[in-house]
Structures are given as structure tokens and as C-alpha cells.
Amino acid sequence: MRVIAGKARSLRLKTIEGMDTRPTTDRIKETLFNMIQPSIADSRFLDLFAGAGGLSEGFIQAGYTPIAHVEMDAAACYTLKTRAAFHWLRANGNIEIYNQYLRGEMTRADFYKHIPQAVLDTVLNYEISSDTISEIFNKVDSLLGGRELDLIIGGPPCQAYSLAGRSRSATKMVGDKRNYLYKHYAEFLRRYKPKYFA
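Per chain, the residues get numbers from 1 upward, laid out in the order the sequence is written. Per-residue local features are limited, in this predicted model, to residues with pLDDT of at least 70; the limit for side-chain atom pairs, both in listing and counting, is 80 or more; totals at the level of whole chains, interfaces and linings are taken over all residues. Side-chain measures were taken over the full set of non-hydrogen atoms in the model, leaving aside hydrogen atoms and water.

Undergrad: An account of the packing of aromatic side chains is needed here, citing residue identities and associated values.
TA: Two aromatic rings from Phe, Tyr or Trp, using only the six-membered ring of Trp, form a pair when their centres are within 6.5 Å; if the ring planes differ by under 30 degrees the pair is stacked, by over 60 it is edge-to-face, and anything between is tilted. Under the counting rule described, the total for this entry stands at 11 aromatic pairs. For the ring pair Phe-59 and Tyr-64, a centre distance of 5.4 Å and an interplane angle of 80° mean the geometry is edge-to-face. The two residues Phe-59 and Tyr-64 agree in class, both being buried. Taking the centre distance of 4.9 Å and the plane angle of 75° together, the rings of Phe-137 and Phe-188 count as edge-to-face. One end of the pair, Phe-137, is in helix H7 (residues 133–144); the other, Phe-188, is in helix H9 (residues 181–192), and 51 residues separate them in sequence. Connected via pairs of aromatic rings, a cluster forms that spans Phe-86, Tyr-98, Tyr-101, Phe-111 and Tyr-112. Here, over-ring charges are defined by two tests on the NZ atom of lysine or the CZ atom of arginine: distance to the ring centre within 6 Å, and angle to the ring normal within 35 degrees. The ring of Tyr-78 carries the charged tip of Arg-108 above its face, separated from the ring centre by 3.8 Å. To sort residues, take the accessible area from a 1.4 Å probe on protein chains only and compare it with the maximum for the residue type: under 20% means buried, over 50% means exposed, and anything in between is partly exposed. Runs of H or I in DSSP of at least four residues are treated as helices and runs of E of at least two as strands, each being numbered from the N terminus.

Written out as C-alpha cells, the structure reads:
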């Protein structure tokens, strides 16, 4: 995974192994940014089904401020927390701590001790479902602190819609709960009424 725009253009990002998350293609990211670039100043976004954060990273590089990242995969959440930590350390002139962590000179737990808990708490490790959506709303509301949300980004898992996903499934994805995650995305749109969504 790599950044496609901004000061960190071409920066390769450490991500999780395996096929449980998938990066958003460069063409899609570039199209999104070209459409909304003029309205960036002090814009806040929420990333749903965040995966390892490739889409978020592009929006951060374009000048948007993340309010929260919602992701059910614990390993992906560690990647999201590490990226949030990187951005906080860079903004506070302390990037050497991040470099020490990358070189293996400290554990993840020791690395996170250098980061305010409020920064790490922007990563919400939840499966978005009817059972959890109210709790997620409460956490996002708290993180917003009364401010408006300008943008919601996210891509529900595509296995249910892809030929490859259906061919690998014994049931051809019939009855798979991922078929209906777009409805939860719509609930976030209904609640927060952002200026944009992607």
C-alpha cells in the first residue's frame, strides 16, 4: 500500500498480511480527491470499514482530519493506531520515536506509551452491525464533540459483490451478512448528514 498524493506521495505503508483487507485502487483514490479537493479546509471525516487505512491515509495527505476509523479486524486496527501515532508524532516534531519503533527498537506497547490515549482512541475496533451501531454512534459523537462531520468514507467488504468472492463461497454469498453492510453505511449518512460521502 502506498500514498498517492500530498507531501508523502509514493510513501510505502506497513500493513497487515493476508487478504482480509484490500487496498483501494490508485485510480479510485485520485478520482475521489479530484472531486472534493476544493472544499478541504478544516474538514473532518469518518472512515467506515477502514481496513488498514489506505483510503484514510490519502484523505489525511490531502488535508482532511480524521475523527475516527471503524474497523472490525484487530490487526488492521493496530495498523490504524500506528498511522494515527505517526501523524501525531510528526505534527509534534517527534518522528524519531516512530523511526525507533519501525527499526524494532521498542515494542508496540512501548511505542503507544508515547502517544496520547485520545489519539489511539480514534480507532474503533467494532464490527458494524445492528447490535453495535448505537455504541459506535455514541463514540463518534463523543469524538466529534459537537462539531459537524464533513465527509464519510469507506468501502463495505466487496466479497459479496465480486465474482471471486462468490466463487470461493460454498453458498455463493447467499445470506452472507456482508451483502447488507451498505445499509449500515446509509445509517451513518442519515445520522451525520455529511457534505460528502465516498
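What follows picks up the thread again.
Undergrad: Residues and numbers for the environment of Ile-97, please.
TA: Positionally, Ile-97 belongs in helix H4 (residues 95–102). Placed 12 residues apart in sequence, Ile-97 and Ala-85 show a C-alpha to C-alpha distance of 9.8 Å. Working rule for contacts: check all heavy atoms of both residues, and any pair within 4.5 Å makes them a contact. Excluding its chain neighbours within four sequence positions, the residues that come into contact with Ile-97 are Leu-89, Met-106, Phe-111 and His-114.

Undergrad: Summarise the sheet that holds strand E4 (residues 151–154); cite the residues concerned and give the values.
TA: A pair of strands is considered paired only if DSSP assigns at least 2 bridges between the two. Taken in spatial order, the 5 strands line up as E3-E2-E1-E4-E5 in an open sheet, and their pairing is parallel. Strands at the two margins of the open sheet, each flanked by one partner only, are strand E3 (123–125) and strand E5 (196–197). In this fold helix H3 (residues 74–91) packs onto strand E2 (65–71) and E3, with an angle of close to 175° to the strand it touches most, E3. Only the contacting stretch of a helix is used when fitting its axis, a line to C-alpha atoms as for every element, and angles between N-to-C directions run 0 to 180 degrees.

Undergrad: Outline the pattern of salt bridges, listing residues and values.
TA: For this document, the term salt bridge refers to a Lys or Arg side-chain nitrogen within 4 Å of an Asp or Glu carboxyl oxygen. All chains considered together, the criterion is met by 7 salt bridges. One salt bridge connects Lys-113 with Asp-110, and the closest N-O pair in it is separated by 3.3 Å. A relative accessible area of 33% means that Asp-110 is categorised as partly exposed. Through salt bridges with shared partners, a single network forms among Arg-44, Asp-150 and Lys-195.

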